[in-house]
Amino acid sequence: MVQWERIKQDFPIFLSERNRNLTYLDSAATSQKPKSVIDAVTDFYQNYCSNVHRGIYSLSETATDMYEKSRENISGFIGSPSSDEIVFLRNTTEALNLLSYTLGRNLSAGDEVLISIMEHHSNIVPWQFLEEKGIKVIYTDITKEGKLDMEDFRRKITPRTKIVSITHVSNLLGTINPVREIGKMAHDNGSIFIVDGAQSVPHMKVNVQDIGCDFFAFSGHKMLGPSGIGVLYGKREMLHQMHPFLGGGEMIRTVSTFGSTWNDVPLKFEAGTPNIEGSIGLSAAVDYLNRVGMDEIRDHERDLIQYTLKMEDEYDIENLVSYGPRDPNAKDGVYSFNIGEIPPMDMDSQLMNNGLIIGSSVHPHDVSSSLDETDVAVRSGHHCAMPLNHRLGVVATSRASYYVYNTRNDVDRLFEQLERIRKVYNHGR
Ligand code: PMP
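Residues numbered from 1 in each chain as written. Predicted model: local features only at pLDDT ≥ 70, side-chain atom pairs only at ≥ 80, totals over all residues. Heavy atoms only, no water.

Our next topic: the packing of helix H3 (residues 35-48) against helix H11 (residues 276-292). Between H3 and H11, the least distance of the axes is 8 Å, while the angle of their chain directions is 150°. Compared by their axis directions, H3 and H11 come out roughly antiparallel. Handedness of the crossing formed by H3 with H11: right-handed. When H3 is examined against H11, the residues Ser 36, Val 37, Ala 40, Val 41, Phe 44 and Tyr 45 are found in contact with a partner set consisting of Ile 276, Glu 277, Ile 280, Gly 281, Ala 284, Ala 285, Tyr 288 and Arg 291. (Axes fitted to C-alpha atoms, helices over the stretch in contact; angles between N-to-C directions. Helix = DSSP H or I, 4+ residues; strand = E, 2+ residues; numbered from the N terminus. Parallel < 35°, antiparallel > 145°, perpendicular 65-115°, else oblique. Left-handed = near helix turned anticlockwise from the far one by under 90°. Contact = heavy atoms within 4.5 Å.)

Within the structure, the ligand sits among 14 residues, and Thr 93, Asp 196, Gln 199, Ser 219 and Lys 222 are positioned closest to it. Between the ligand and Ser 219, the relevant distance is 2.7 Å, taken from an oxygen atom to a side-chain nitrogen or oxygen of the residue. Taken by itself the ligand offers 400 Å² of open surface, and the protein chains cover 90% of this. By residue class, the composition of the shell around the ligand is two nonpolar, ten polar and two charged. (Near = heavy atom within 4 Å. Polar contact = N/O pair within 3.5 Å; in protein donor to acceptor, adjacent residues only side chain to side chain. Areas by Shrake-Rupley, 256 points an atom, 1.4 Å probe, with all protein chains shown as cover. Nonpolar A, V, L, I, M, F, W, Y, C, P; charged D, E, K, R; others polar.)

Turning to the UniProt feature "domain: Aminotransferase class V" (unreviewed entry) in the protein, a few remarks are in order. When the UniProt feature table is mapped to this numbering, "domain: Aminotransferase class V" (unreviewed entry) covers residues 23-358 and 361-414. Taken end to end, residues 361-414 has its terminal C-alpha atoms 18 Å apart, with 43% of it in helix and 19% in strand. (UniProt positions renumbered as here; feature names shortened; annotations may be inferred.)

Taken together, seven strands build an open sheet; the order of strands is E2-E8-E7-E6-E5-E3-E4 and the sheet is mixed. Both outer strands of the open sheet, strand E2 (86-89) and strand E4 (136-140), are each paired with one neighbouring strand and no more. Strand after strand, the sheet turns through a mean of 20° between neighbouring axes, direction not considered. With four bridges connecting them, E2 and strand E8 (residues 230-234) associate as antiparallel partners. Along E8, the bridge assignment pairs Ile 86 with Tyr 233. In this fold helix H5 (residues 92-104) packs onto E2, strand E5 (161-167), strand E6 (192-196), strand E7 (215-219) and E8, with an angle of close to 150° to the strand it touches most, E7. (Pairing = 2+ DSSP bridges.)

Along the polypeptide, Gly 234 turns up in strand E8. Along the backbone, Gly 234 and Ala 217 are 17 residues apart, and their C-alpha atoms lie at a distance of 8.8 Å. Once you skip the residues sitting within four places of it in the chain, Gly 234 turns out to touch Glu 85, Asp 214, Phe 215 and Leu 239.

Inspection of the secondary structure assignment puts Ala 400 in strand E15 (residues 397-401). Separated by 23 residues in sequence, Ala 400 and Ala 377 place their C-alpha atoms 8.0 Å apart. Residues within four places of Ala 400 in sequence aside, it is in contact with Leu 25, Gly 333, Val 334, Tyr 335, Phe 337, Val 378 and Leu 414.

As structure tokens, this is what we get:
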């Protein structure tokens, strides 16, 4: 049995004087780091700092060994058949840009990339770059519940669809998408299938072979690891055939004035000195997550979201609306809400769970700064998903997102404070 109440003790940030009362509900933006991760990074700097895949001396060989062992550990964590299929990059954003750049070279005018309206900007904008070549980006809609509209997906996948790129979990709605099913349809259609795993890998057991995707991208900083380290998993054959993304040191086999040849995968995609300490820190994060257990983490967050929805009903805060599925099995630990509605743009976009809200609103930025007065940290804004906000008919939402160090006490605190804020703003009416 995991002692969820005790987990905070592993995270130095919660032990500092400044943050003793902190209720951190913004892990979908970035997670806090356990001591073991901080120690792993410090240990590298203090004892092994040197470049990798370059030096023929023992310090550098040890660093290379640590870097490659981290790759193996992370490979195992997501069920990749081989560590050669794990490319270290900066983050999910860089991974998706790499794919748009390299796969986009083989697309031509009239070809289509099928994504969804619930994507993060990093799975929209890189594909929009291809529009100047005449490639079209097509958006699968969502249902009233905030799930991916599979009927719409079936309608929109056609022989022109060369790439399907879908988020595993929505960072705004918390929706868990049926990526396996989508992958099968993509492959039956002859399309390449990419999964944005930024919000899934930290929170549930992921196996890229089970999902059957060609590529899978995620970021270390959202899964207890350091910032500036991210991963692109890709099927070896596909990585092998792809053109490199960035050029420079380490990604080449030979360079002459006549041209260059490329290193093997994955180094072909790791130009320049990589984030060595980041990969080591991420490996320590994977060890930590494995110790807690990914199934346990998913169950814990399912419990927190279920409890959140229960508190929402119990507190019955005037004009509070929340977004996304209400079935905790279809939703990750992400709770986006508004107190009152920023006027919807049109009638079609009224997808709020509680229907159309008329009356006073509290802007999400005011919600967030009022919560901050009592050390409750949530994010507010468009959450880098502007098309989804538009689809929902809102300009912004507040978002509470959970992780291993959160407990039901944090949810209680959130709702106590939301009730207080509602009263304060009612007063000013
Ligand atoms: N996709 C999703 C679903 C995300 O939530 C995020 C981060 N908010 C990203 C992609 C981008 O991640 P990063 O900023 O680490 O590149």
